[in-house]
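Chain and residue survey
Listed below are the residues making up each chain.
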Amino acid sequence: MDERTGWTAEDTEDVVCCLCRVPGTLVHDVAPFGVVRCPQCELVFTSPRLRPEALQRIYDDAGYFEGGVYGSAVSTDAAPSIETRLSPAMLLQRTWTAGRLALIDRERGGPAAGGRLLEVGAGYGLFLAAAREAGWTTSGVELSRTGAKHAQDTLGLDVFCGQLEEAPLTPGSDVVCAWDTVEHVPDPLSFWRTVRAQVADDGVVLFSTPYVSSLPARLLGTRWWTLKPTEHIWHFTPRTHALLLARAGLALTRVVRNPLAPANAGRLDSLVGVARPIPDA
Ligand SMILES: [Zn+2]
């Protein structure tokens, strides 16, 4: 049993690599979980990992986003205090949002002008609200009921609460964003295939995710603050991400690792990726 969280082996399930369908080899023993690496493609993932029902309980917890980088960036007050607006988390959040919207414009070759933007893993809806402000027609998907409710009720956004595969979406989005989401999903290959089905053939996909080949991940081992075996159930490198995206019909065209780039500000262990649909052969 994990002393801090109370999870036991009963709450877990074994999984295989989503690309190669084979079990992984143990890298870190974090009982009752394991961090393993696929012997064929080197994708790193958590197995055993929490069963879906246990995982949903974490995301439904009202405290899920509190305390993390997104925590203090969210205020339920109509007029957040100056302390809230100037908190380090809020300033980082604003830097990422502005940097990511600018990156989207650069990739698209111009400003929004009414294009459709879908965000998967919309959280409290802060990025989506900024995208709407920038001229995008927005929609979102969010697994956490607390997050989705804030996005819908407080910000008036069109956000579906549930898994991407279940969302009633109209395909053909010009932009699909998934910020810090793919490391959480049950099956990243299925996730990217669903994203591919949603993005227009001339559209663009942008995402952020921690990467296990980063310096903090390599130096800190089990002390890497992003390892989080309950929630971060897949760990990528630029190479394994490119493999995975390609299998889903998407080409990884840009990777931003610089922690000084606004889209990735202050993040030593995360990257921002850009992918585009591979034309049908
Ligand atoms: Zn594999």
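Residues numbered from 1 in each chain as written. Predicted model: local features only at pLDDT ≥ 70, side-chain atom pairs only at ≥ 80, totals over all residues. Heavy atoms only, no water.

A few points about the overall build of the protein chain
- In terms of regular secondary structure, the protein chain is built from eight helices and 13 strands.
- Taken across its 281 residues, the protein chain has 52% of its residues classed as buried.
- Intrachain contacts of the protein chain at a sequence separation of at least 6 include 63% that bridge at least 24 residues.
- Accessible surface computed for the protein chain: about 12,800 Å², of which carbon and sulfur atoms make up 54%. (Helix = DSSP H or I, 4+ residues; strand = E, 2+ residues; numbered from the N terminus. Buried < 20%, exposed > 50% of the residue type's maximum accessible area, 1.4 Å probe, protein only. Contact = heavy atoms within 4.5 Å. Areas by Shrake-Rupley, 256 points an atom, 1.4 Å probe, with all protein chains shown as cover.)

Regarding the coordination of the zinc ion
- Around the zinc ion, the protein contributes the donor atoms Cys17 (SG), Cys20 (SG), Cys38 (SG) and Cys41 (SG), which lie 2.3 to 2.4 Å from the metal centre.
- With four donor atoms in place around the zinc ion and angles of 104 to 117° between them, the coordination shape is tetrahedral.
- The sequence pattern formed by the donor residues of the zinc ion is C-x2-C-x17-C-x2-C. Of this pair, Cys20 sits in the loop between strand S1 (12-13) and strand S2 (25-30) while Cys41 is found in the loop between strand S3 (33-37) and strand S4 (44-46), placing the two residues 21 residues apart along the sequence. (Donors = N, O, S within 2.8 Å, 3.2 Å for Na, K, Ca; no water. Tetrahedral: all angles 85-135°; square planar, octahedral: opposite > 155°, others 65-115°.)

What to know about the confidence of the model for the protein chain
- Considering every residue of the protein chain, the mean pLDDT works out to 88; 89% of them sit at 70 or more.
- Segment residues 67-73: pLDDT under 50, and 16 contacts once partners within four positions in sequence are set aside and those in other chains are kept. (pLDDT = per-residue confidence, 0-100.)

Observations concerning the pairing of strand S10 (residues 199-210)
- The buried count for S10 comes to ten of twelve residues, which makes it a mostly enclosed element.
- Relative to strand S13 (residues 270-277), S10 runs antiparallel, the two sharing six bridges. Paired with Thr209 across the strands is Leu271, a residue of S13. (Pairing = 2+ DSSP bridges.)

Here's the deal with the packing of helix H3 (residues 88-108) against helix H4 (residues 126-133)
- Two elements in contact, H3 and H4, have axes whose closest approach is 10 Å; the angle formed by their N-to-C orientations is 50°. Taken together, the axes of H3 and H4 lie oblique to each other. Considering only the axes of H3 and H4, their crossing is right-handed. Across the interface between the two elements, Gln93, Thr97, Arg100, Leu101 and Ile104 of H3 pack against Leu126, Phe127, Ala130 and Ala131 of H4.
- Partitioning the contact of H3 with H4 into residue classes produces six nonpolar, two polar and one charged. (Axes fitted to C-alpha atoms, helices over the stretch in contact; angles between N-to-C directions. Parallel < 35°, antiparallel > 145°, perpendicular 65-115°, else oblique. Left-handed = near helix turned anticlockwise from the far one by under 90°. Nonpolar A, V, L, I, M, F, W, Y, C, P; charged D, E, K, R; others polar.)

A look at the packing of aromatic side chains
- Per the counting criterion, the structure on display carries four aromatic pairs.
- For the cation-ring pair, Arg100 lies above Trp179, with the distance from its terminal atom to the ring centre recorded as 4.5 Å.
- Sitting over the ring of Trp96, Arg267 keeps its end group 5.1 Å from the ring centre. (Phe/Tyr/Trp six-rings, centres within 6.5 Å; stacked < 30°, edge-to-face > 60°. Lys NZ or Arg CZ within 6 Å of the ring centre and 35° of its normal.)

Notes on the sheet that holds strand S11 (residues 234-235)
- Reading across from one edge, S2-S3-S4-S11 is the order of the four strands in this open sheet, with antiparallel pairing throughout. Pairing within the sheet leaves two strands with one partner each, and these edge strands are S2 and S11.
- Relative to S11, S4 runs antiparallel, the two being bridged by two bridges. Note on S11: the bridge partner recorded for Phe45 is Trp234.

Side note on the sheet that holds S10
- In space, the seven strands of this open sheet follow the order S8-S7-S6-S9-S10-S13-S12, with mixed pairing throughout. Among the strands making up the open sheet, the edge pair consists of strand S8 (159-161) and strand S12 (250-256). Within the sheet, the average angular offset between the axes of one strand and its neighbour, ignoring direction, is 20°.
- Both strand S6 (residues 116-120) and strand S7 (residues 137-142) contribute to a ladder of five bridges, which runs parallel. Looking at the pairing, Leu117 lines up with Thr138 of S7.
- Of the strands in this sheet, S6, strand S9 (173-179), S10, S12 and S13 are in contact with H3, which crosses S10 at around 145°.
- Helix-sheet contacts for helix H6 (residues 188-198) involve S6, S9, S10, S12 and S13, and the interaxial angle to S10 is about 145°.

Quick word on the state of the cysteines
- Summed over the entire model, instances satisfying the criterion amount to zero disulfides.
- Not engaged in a disulfide, the cysteine Cys18 finds its nearest cysteine sulfur in Cys17; these two sulfurs lie 5.2 Å apart. (Disulfide = S-S within 2.5 Å.)

Re the environment of Arg132
- Its place among the elements puts Arg132 in helix H4.
- Among the residues examined, Arg132 registers a relative accessible area of 36% and is labelled partly exposed.
- Expressed as a C-alpha distance, the spacing of Arg132 and Arg116, which sit 16 residues apart in the sequence, is 9.7 Å.
- Setting aside residues no more than four positions away along its own chain, Arg132 makes contact with Thr138, Leu155, Gly156 and Leu157.
- At a separation of 3.4 Å, a polar atom in the side chain of Arg132 contacts the main-chain carbonyl oxygen of Gly156. (Polar contact = N/O pair within 3.5 Å; in protein donor to acceptor, adjacent residues only side chain to side chain.)

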